[in-house]
Amino acid sequence: MTKILIIEDETSIAELQRDYLEINGFEAEIQSSGEEGLHQALRGDYNLIILDIMLPHINGFEICRQIRAEKNIPILLVSAKKEEIDKIRGLGLGADDYITKPFSPSELVARVKAHLARYERLAGSRSAEKEKIIYVHGISIDLSARRVHIHEQEVPFTTKEFDLLTCFVKHPNQVLSKEQLFENIWGFDSAGDVSTVTVHVRKLREKIERDPASPQYLETVWGAGYRFNI
């Protein structure tokens, strides 16, 4: 369940926020102390924080700054202060939204849902971006740019060499026959024959192996094909 921390010293407001969030399927906790709220925000596993600015001892701006230095989660600032400078300051410290009191609980819930959805989309984009780069044995393969770095040095690969290397690393520890590799990379309708696989495997070894004559990674399985060891 999505967990939300409310840091608010006005009990009636905090409880109203909590009740509406729970009605909408969220799990909400309240901290009325700024210091305790900060401590709980940093140590707890929350998906979003609703943070009042006017708190005793430590204000919401400072809490926001410290949370943002440690965590990348949505922070919604809440305040009765309507001055533009306060909004600019809060957003500049890393808050995702600034809501002025009084506001309807329904508006708060709508904003919470919107920011959670936005962060989920961003997290998905970052995950997808990571999946476009494969790291193995000191080799970095950028699938989008079609570039290969070996021990941080870029090494040029032909189109077929790149496709063959990518095929191997996407099927680690599996024996792939020459026929499978030829069909996958060249296609049966292309000119040439499966012997071209042998030539390209030799070229790959020259680029990725310390000793191509005694390969550690791209192994020949006699009578069966090749296996890329992870």
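Refer to the structure above for everything that follows.
In this text the structure is predicted, and so the values were computed from the model without any measurement.

Asker: Sorry, what's going on with the nonpolar core here?
Answerer: Inside soluble globular proteins, nonpolar side chains tend to come together where they are buried. Counting residues in hydrophobic clusters, the biggest one holds 26 residues, and the most contacted among them are F157, L165, F168, L181 and F228. At the level of secondary structure, the elements contributing two or more residues to this core comprise strand 6 (133-136), strand 7 (139-142), strand 8 (147-150), helix 6 (159-170), helix 7 (178-185), helix 8 (195-208) and strand 12 (225-228). When residues in this core are grouped by element, the largest group, 6 residues, is from helix 6. Filtering out sequence-adjacent residues up to four positions away, F228 remains in contact with V136, H137, F168, V169, P172, N173, Q174, I208, Y217 and L218. F61, I67, I75 and L77 belong to the second largest nonpolar core, which has 19 residues in total.

Asker: Is there a simple way to think about the sheet that holds strand 3 (residues 48-52) in this case?
Answerer: The strands making up a sheet associate through backbone hydrogen bonding, with each pair oriented either parallel or antiparallel. If you trace the 5 strands from one edge of the open sheet to the other, you get 2-1-3-4-5, paired in parallel fashion. On the outer flanks of this sheet lie strand 2 (27-31) and strand 5 (97-100), each paired with one strand and no other. In this sheet, neighbouring strand axes are inclined to one another by 20 degrees on average, regardless of whether the strands run parallel or antiparallel. Of the pairings in the sheet, the one linking strand 1 (residues 3-7) to strand 2 comprises 5 bridges and is parallel in character. Each residue of the ladder has a partner; that of I4, found in strand 2, is A28. Contacts from helix 1 (residues 11-23) reach strand 1, strand 2 and strand 3 within the one sheet, and its direction differs from that of strand 2 by about 170 degrees. Across the face of the sheet, helix 2 (residues 34-43) comes into contact with strand 1, strand 2 and strand 3 while running at roughly 160 degrees to strand 1.

Asker: So what exactly am I meant to see when it comes to the packing of helix 6 against helix 7 here?
Answerer: Geometry of a packed helix pair, given as the angle between the helix axes and the separation of the axes. Packing of helix 6 against helix 7 brings their axes to within 10 Å, and their N-to-C directions diverge by 125 degrees. Our classification of the angle between helix 6 and helix 7 gives oblique. For the pair helix 6 and helix 7, the crossing hand works out as right-handed. Residues K160, D163, L164, C167 and F168 of helix 6 touch helix 7, and the partners they reach there are L181, N184 and I185. In the contact of helix 6 with helix 7, the residues fall into 5 nonpolar, 1 polar and 2 charged.

Asker: Any chance you could explain unusual backbone geometry here in plain terms?
Answerer: When glycine is set aside, most residues are seen to have a negative phi, and most peptide bonds are trans. Omega for the peptide link from K101 to P102 comes to -5 degrees, which places this bond in the cis form. Although it is not a glycine, H57 adopts a positive phi angle of roughly 75 degrees. With respect to the helices, strands and loops of the structure, H57 is situated in the loop between strand 3 and helix 3 (60-70). Located in the positive-phi region is H137, a residue other than glycine, with phi close to 50 degrees. With respect to the helices and strands, H137 occurs in the loop between strand 6 and strand 7.

Asker: What exactly am I supposed to notice about the pattern of salt bridges here?
Answerer: Where side chains of opposite charge bring their charged atoms close, a pairing between them can arise. By the definition in use, this model includes 16 salt bridges. The salt bridge involving K101 is made with D52; its shortest N-O contact spans 3.4 Å. Of this pair, K101 sits in the loop between strand 5 and helix 5 (105-131) while D52 sits in strand 3, and the two are 49 residues apart along the sequence. Across the pair, exposure class does not vary: K101 and D52 are buried alike. D86 serves as the salt-bridge partner of K81, at 3.4 Å between the closest nitrogen and oxygen. The class of K81 is partly exposed, set by a relative accessible area of 29%.

Asker: Before we go on, may I ask you to explain the side chain of S79 in this structure?
Answerer: Mapping S79 onto the fold places it in strand 4 (residues 75-79). The class for S79 is buried, based on a relative accessible area of 0%. In this structure the side chain of S79 is engaged in a polar contact, spanning 2.9 Å, whose partner is the backbone nitrogen of K81. In this view, S79 contacts D52, I53, Y98, I99, T100 and K101; residues no more than four positions away in its chain are not counted.

Asker: Hey, could you run me through the packing of aromatic side chains in this one?
Answerer: Any aromatic ring pair is given by two values, namely how distant the centres are and how the planes are angled relative to each other. For the coordinates displayed, the defined rule picks out 1 aromatic pair. With centroids separated by 5.7 Å and ring planes inclined at 15 degrees, the aromatic side chains of F182 and W186 adopt a geometry described as stacked. The residues F182 and W186 share a single accessibility class, namely buried. A cation sits over an aromatic face here: K207 above F157, 4.7 Å from the ring centre.

Scoring rules and cut-offs
Residues numbered from 1 in each chain as written. Predicted model: local features only at pLDDT ≥ 70, side-chain atom pairs only at ≥ 80, totals over all residues. Heavy atoms only, no water. Core = buried A, V, L, I, M, F, W, Y, C linked by side-chain atoms within 4.5 Å. Buried < 20%, exposed > 50% of the residue type's maximum accessible area, 1.4 Å probe, protein only. Helix = DSSP H or I, 4+ residues; strand = E, 2+ residues; numbered from the N terminus. Contact = heavy atoms within 4.5 Å. Pairing = 2+ DSSP bridges. Axes fitted to C-alpha atoms, helices over the stretch in contact; angles between N-to-C directions. Parallel < 35°, antiparallel > 145°, perpendicular 65-115°, else oblique. Left-handed = near helix turned anticlockwise from the far one by under 90°. Nonpolar A, V, L, I, M, F, W, Y, C, P; charged D, E, K, R; others polar. Salt bridge = Lys/Arg side-chain N within 4 Å of Asp/Glu carboxyl O. Polar contact = N/O pair within 3.5 Å; in protein donor to acceptor, adjacent residues only side chain to side chain. Phe/Tyr/Trp six-rings, centres within 6.5 Å; stacked < 30°, edge-to-face > 60°. Lys NZ or Arg CZ within 6 Å of the ring centre and 35° of its normal.

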